[in-house]
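The lines below spell out each chain.
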Amino acid sequence: MLLYVSSQDVQEYFKLLIPTIDGLEAIVVSDRDGVPVARASSSSVPQLALKPAFLTTFTMATEQASKLGLSQNKSITCMFKSHQVVHFNCHPVVVTLIARDTANTGSLLGLEQELQQAVRDLKGAVELP
C-alpha cells in the first residue's frame, strides 16, 4: 500500500509539534532556493525569517562549509540576539527550525530524525527529474 503525505499533512503535523518544544516558533521546509514547500509558525516568529532570502542562506553556508574538506553538513545552528535557527539538510529540501534564544538547542537538534521522516514524501516533489 502506497501512502502519500501532502504538504498540508506535514503542515498540520508541524502545528502539533511546535507547542511540544518550549521556545520553538516555526518549522519551514524549503527547496534549495529558499522557496517554502510547507511551514507552520506561531504569530511571534520574525516574519523576515520566513522569507526565501533568509531560508536560502543554509544552501550558501553549507556549500562554503563543505569546502573545508569535512564532507557535507547535516545541520547548521545560528544564534542571534533573540532567536536561534537550526537548518537540517534533508536533501533536496532544507528543514528550518526557528526558536527563541531560550529554547533548548539540544531538543531542537533532537528533532532531526523525526523531521526527516515527516518530510520524506515531500522530497519527491522538489527533486529534479
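What you are looking at is a predicted structure, and each value in this text was computed from that prediction instead of being measured.

(A) Expanded view of helix H3 (residues 57–66). Residues Phe58, Thr59 and Thr62 constitute the buried set of H3. Along H3, the residues classed as buried sweep out an arc of 100° about the axis, all on the same side. Elements that come into contact with the buried residues of H3 comprise helix H2 (52–55), strand S3 (75–79), strand S4 (83–90) and strand S5 (93–100).

(B) Summary view of helix H1 (residues 7–17). Buried within H1 we find Val10, Phe14 and Leu17. In an axial view of H1, the angular spread of the buried residues amounts to 60°, which keeps them on one side of the axis. In H1, the exposed residues that point more than 90 degrees away from the buried face are Gln8 and Leu16. Of the surrounding elements, those touching the buried residues of H1 are strand S1 (24–30), strand S2 (36–41) and helix H5 (112–119).

(C) A look at the pairing of S5. The element S5 is extensively covered by neighbouring structure, given that seven of its eight residues are classed as buried. Bridge count between S1 and S5: six bridges; the pairing is antiparallel. Across the sheet, residue Val28 finds its bridge partner in S5, namely Thr96. Where S4 lies against S5, eight bridges are found, and the strand directions are antiparallel. Bridge assignment links His83 to a residue of S5, and that residue is Arg100. Hairpin connection between S4 and S5: a loop of two residues separates the two successive antiparallel strands.

(D) Region of interest: the sheet that holds S2. Ordered in space as S2-S1-S5-S4-S3, the five strands form an open sheet in which the pairing is antiparallel. The sheet is open, and its two borders are formed by S2 and S3, each paired with just one other strand. Looking at each pair of strands side by side, their axes are set apart by 10° on average, direction ignored. Note that S3 and S4 share five bridges and pair antiparallel. Within the sheet, the bridge partner assigned to Ser75 lies in S4 and is Phe88. Against the sheet, H5 makes contact with S1, S4 and S5, and its axis sits at roughly 55° relative to S4, the strand it touches most.

The rules behind each value
Residues numbered from 1 in each chain as written. Predicted model: local features only at pLDDT ≥ 70, side-chain atom pairs only at ≥ 80, totals over all residues. Heavy atoms only, no water. Buried < 20%, exposed > 50% of the residue type's maximum accessible area, 1.4 Å probe, protein only. Helix = DSSP H or I, 4+ residues; strand = E, 2+ residues; numbered from the N terminus. Arc of directions from axis to C-beta. Contact = heavy atoms within 4.5 Å. Pairing = 2+ DSSP bridges. Axes fitted to C-alpha atoms, helices over the stretch in contact; angles between N-to-C directions.

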